[in-house]
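Here's the letter readout for the chains.
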Amino acid sequence: MRFFEPGLCSVTFRSLSPQAVIDLAAANGIKAIEWGADIHAPPGDLDKARDVAERTARAGLTISSYGSYIFAPDFAPEDVTAVLETARALGTGHIRIWPGHRKRSSMDYSLAERRKATQALANIARRAEDYGMTIGLEYHPHSLTDTLPSALQLAQDLTAPNLFFYWQPAPGLPLADALTEIAALGPRICHLHVFAWLADASRLRLGERADYWRSCVEALPKSDWDKTAYAMLEFVRGDDIGQFAEDAVALRKVLGRS
């Protein structure tokens, strides 16, 4: 069983200020925040990133990662530079990116399109290595990690030592299938995104899926990731602060941090 600390993705509360997100995290036993690039830490706004970093540190929290919205191969070189510089201003050495075009199924790619996307991801990993940073690929529906075979093909084609995978279950994924994914990708998994969604994307209390998540965490094999790993809450029922507090308790229990 791998050791995970409880974290929070700031996109869970896009409507809140960075300080409000920090206060919520600190009050509920969260150890780290993944700051999202869409609202709280826009790429290229280095002054804001430094301010967010200072506020996070003052609260005794770590920045686990920078949640970018680069969709490889749909980016320009200057987009990658802005993300790398912003991550550095935040004080984090890990960046999350999306594998493939936005909202496109892996089944819809031609071989040439897939090669182009894979090469773009490899180029980003090389750029990140120049900054001493690691990359984590989002594991998400409608991307090149939306099926296990597609994700495993990426893992085979992308051998850069600084490139890893997040993991999260597709909404409604049966536990047996989740455990199969974890067993296959485990050595390359860095962090987890944790939520409780049904197949129709309706949200549950995390406590209703505590056994599911406990089984997943316990099944994770040893990873090549040698830094602190975080299981980060991402979205809660009703985007409700009270539900977040309840889910944070459930997450800590799943991770053995009651």
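So, here's what we can say about the structure. Only a predicted model underlies this, so the values are computations on that prediction, with no experimental measurement involved. (Residues numbered from 1 in each chain as written. Predicted model: local features only at pLDDT ≥ 70, side-chain atom pairs only at ≥ 80, totals over all residues. Heavy atoms only, no water.)

### Topic: empty space enclosed by the protein
Next up, step 1: Within the structure shown, the criterion is met by two cavities of 30 Å³ or more.
Next up, step 2: There is about 40 Å³ of room inside the largest cavity.
Next up, step 3: Contributing to the lining of the largest cavity are V194, F195, A196, W197, R203, L204, L206, L233, F235, V236, R237 and D247.
Next up, step 4: For the second largest cavity, the calculated volume is near 30 Å³.
Next up, step 5: Residue lining of the second largest cavity: I70, V80, V83, L84, I95, I97, I124 and I135, and that is the complete set.
Next up, step 6: The leading source of residues in the lining of the second largest cavity is helix 3 (residues 77–90), at three residues.
Next up, step 7: Considered class by class, the residues forming the lining of the second largest cavity number eight nonpolar, no polar and no charged. (1 Å grid on protein atoms, 1.4 Å probe; cavity = no way out; pocket = protein on both sides within 12 Å on 5 of 7 lines; lining within 4 Å. Points joined across faces, edges and corners; volume = space filled by probe spheres on them. Helix = DSSP H or I, 4+ residues; strand = E, 2+ residues; numbered from the N terminus. Nonpolar A, V, L, I, M, F, W, Y, C, P; charged D, E, K, R; others polar.)

### Side note on the pairing of strand 7 (residues 189–194)
Next up, step 1: Taking burial as the measure, the six residues of strand 7 include six buried ones, the bulk of the element.
Next up, step 2: Of the strand pairs in this sheet, strand 6 (residues 163–167) and strand 7 are connected by two bridges, and their pairing is parallel. Paired with F165 across the two strands is I189, which belongs to strand 7.
Next up, step 3: A crossover connection joins strand 6 to the parallel strand 7 through helix 6 (residues 175–185); in handedness this β-α-β unit is right-handed.
Next up, step 4: Of the strand pairs in this sheet, strand 7 and strand 8 (residues 229–233) are connected by three bridges, and their pairing is parallel. (Buried < 20%, exposed > 50% of the residue type's maximum accessible area, 1.4 Å probe, protein only. Pairing = 2+ DSSP bridges. Right-handed = clockwise from strand over helix to strand, strands pointing away.)

### Some thoughts on unusual backbone geometry
Next up, step 1: Cis peptide bonds are those with omega within 30 degrees of zero, and the linkage from A72 to P73 qualifies with 20°.
Next up, step 2: Looking at the element boundaries, P73 is found in the loop between strand 3 (62–72) and helix 3.
Next up, step 3: Positive phi is not limited to glycine here, since K103 has a value of about 55°.
Next up, step 4: Although it is not a glycine, D239 adopts a positive phi angle of roughly 50°.
Next up, step 5: Tracing the backbone through its elements, the reader meets D239 in the loop between strand 8 and helix 8 (241–254).
Next up, step 6: By relative accessible area, which is 44% here, D239 ends up partly exposed.

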